[in-house]
Amino acid sequence: MPPDVFFCSCAKNGLRAKVAATCFDILAHNLGHKPKLLRTWAAALRVNSKGAVSLCSDEEFQVVRRQNASILAQTDPYLISDDDCIPIGKNWLENGAEILMDYPEFAALALLPINCNIMPWTPEDYTPFLDEEVMETVSCGGMVLMRRDVMKDWPEGGKTYDKEIAEYLRSIGRRVGYLRNIKMFHLCEGKELSTVWNS
């Protein structure tokens with residue numbers, strides 16, 4: 001059974017909402033079915049998606065969307081996606097899930113964005129994992145394959161919530177990182193259209 005896919009949107013209007021709608025359509029075509037939609041009450045994206053859920057306010061979204069995906073997921077792992085990401089290539093979902101399951105110490109692995117410079121993590125007094133398939137990083141985001149049932153507690157939310165989740169997972173002995181050979185394009189990364197950095 002392929003992993004459940006959750007597409008998460010809080011884009012309210014204009015060009016940013018058009019980006020979200022386009023990415024949803026591309027992902028649905030790529031999967032052969034519509035992903036489950038998790039959105040804020042005010043989000044412009046209102047597609048007819050099986051399992052569509054209007055969750056919360058913008059302020060709560062980064063935490064609540066992840067909590068709801070973990071509750072609603074029926075597969076292990078599942079994928080949670082921002083609304084401005086496009087996967088590259090074929091069989092990326094199945095291959096990524098298989099790699100995650102091959103690395104039991106990892107709780108989350110994200111597709112590697114081709115338009116960002118994700119550098120190896122170099123903390124003091126800790127050696128991050130790195131091989132041909134995966135790269136451990138301080139946090140991960142965008143399109144993330146997550147194991148079910150690893151988030152027993154949910155830390156307080158921050159601006160993106162990626163870092164808070166990663167710190168929690170490390171505190172229980174797990175790792176997070178990126179798939180080195182399964183890639184995506186993160187359209188609004190670091191741009192004025194970001195719903196995180198411009199909110």
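Keep in mind the model is a prediction, meaning the values are calculated, not measured.

(A) Layout of the nonpolar core. In terms of nonpolar packing, the biggest core is built from 31 residues, with Leu79, Trp92, Leu111, Met143 and Leu179 touching the most fellow members. Looking at which element gives the most residues to this core, the answer is helix H1 (residues 14-31), with seven residues. Here Met143 is in contact with Leu27, Leu79, Ile80, Ser81, Cys85, Ile86, Pro87, Trp92, Leu109, Ala110, Leu111 and Met184, once residues within four sequence places are set aside. In terms of nonpolar packing, the next biggest core, distinct from the first, is built from 30 residues, Cys8, Val64, Tyr78 and Val150 among them.

(B) Spotlight on the packing of aromatic side chains. With the rule as written, the count across this model stands at seven aromatic pairs. Taking 5.8 Å as the distance between ring centres and 70 degrees as the angle between the ring planes, the aromatic pair formed by Tyr103 and Phe129 counts as edge-to-face. With a gap of 26 residues between them, Tyr103 in the loop between helix H3 (92-102) and strand E6 (106-113) and Phe129 in the loop between E6 and strand E7 (134-136) connect regions that are remote in the sequence. Residue classification places Tyr103 among the buried positions, given a relative accessible area of 13%. When the ring of Phe106 is compared with that of Phe129, the centres are 5.9 Å apart and the planes differ by 75 degrees; the resulting orientation is edge-to-face. Within this pair, whereas Phe106 is found in strand E6, its partner Phe129 is found in the loop between E6 and E7, the two being separated by 23 residues in sequence. With a relative accessible area of 0%, Phe106 lands in the buried category. Residue class for Phe129 comes out partly exposed when judged on its relative accessible area of 25%.

(C) Quick look at unusual backbone geometry. Residues Asp76 and Pro77 are joined by a peptide bond in cis, for which omega reads 5 degrees. Here Pro77 is to be found in the loop between helix H2 (61-72) and strand E4 (78-82). The phi torsion at Asn91 lies on the positive side, around 60 degrees, for a residue other than glycine. Along the chain, the position of Asn91 falls in the loop between strand E5 (85-87) and H3.

Criteria and cut-off values
- Throughout this document, residue positions are counted from 1 along each chain, in the order its sequence is written.
- The predicted origin of the model limits local features to residues at a pLDDT of at least 70 and limits the giving and counting of side-chain atom pairs to 80 or more, whereas totals for whole chains, interfaces and linings rest on all residues.
- Side-chain measures here rest on the full set of heavy atoms in the structure, leaving out hydrogens and waters.
- To define a nonpolar core, start from buried Ala, Val, Leu, Ile, Met, Phe, Trp, Tyr and Cys residues and group those joined through side-chain atoms within 4.5 Å.
- Buried residues are those whose accessible area, probed at 1.4 Å on protein chains only, stays under 20% of the maximum for their type, while exposed residues exceed 50% and partly exposed ones sit between those limits.
- Strands are runs of DSSP state E lasting at least 2 residues, helices are runs of H or I lasting at least 4, and numbering of each runs from the N terminus.
- Here, residues are in contact when the closest pair of their heavy atoms is within 4.5 Å.
- Each pair of aromatic rings taken from Phe, Tyr and Trp, with Trp reduced to its six-membered ring, is defined by centres within 6.5 Å and is described as stacked if the planes are under 30 degrees apart, edge-to-face if over 60, and tilted in the remaining cases.

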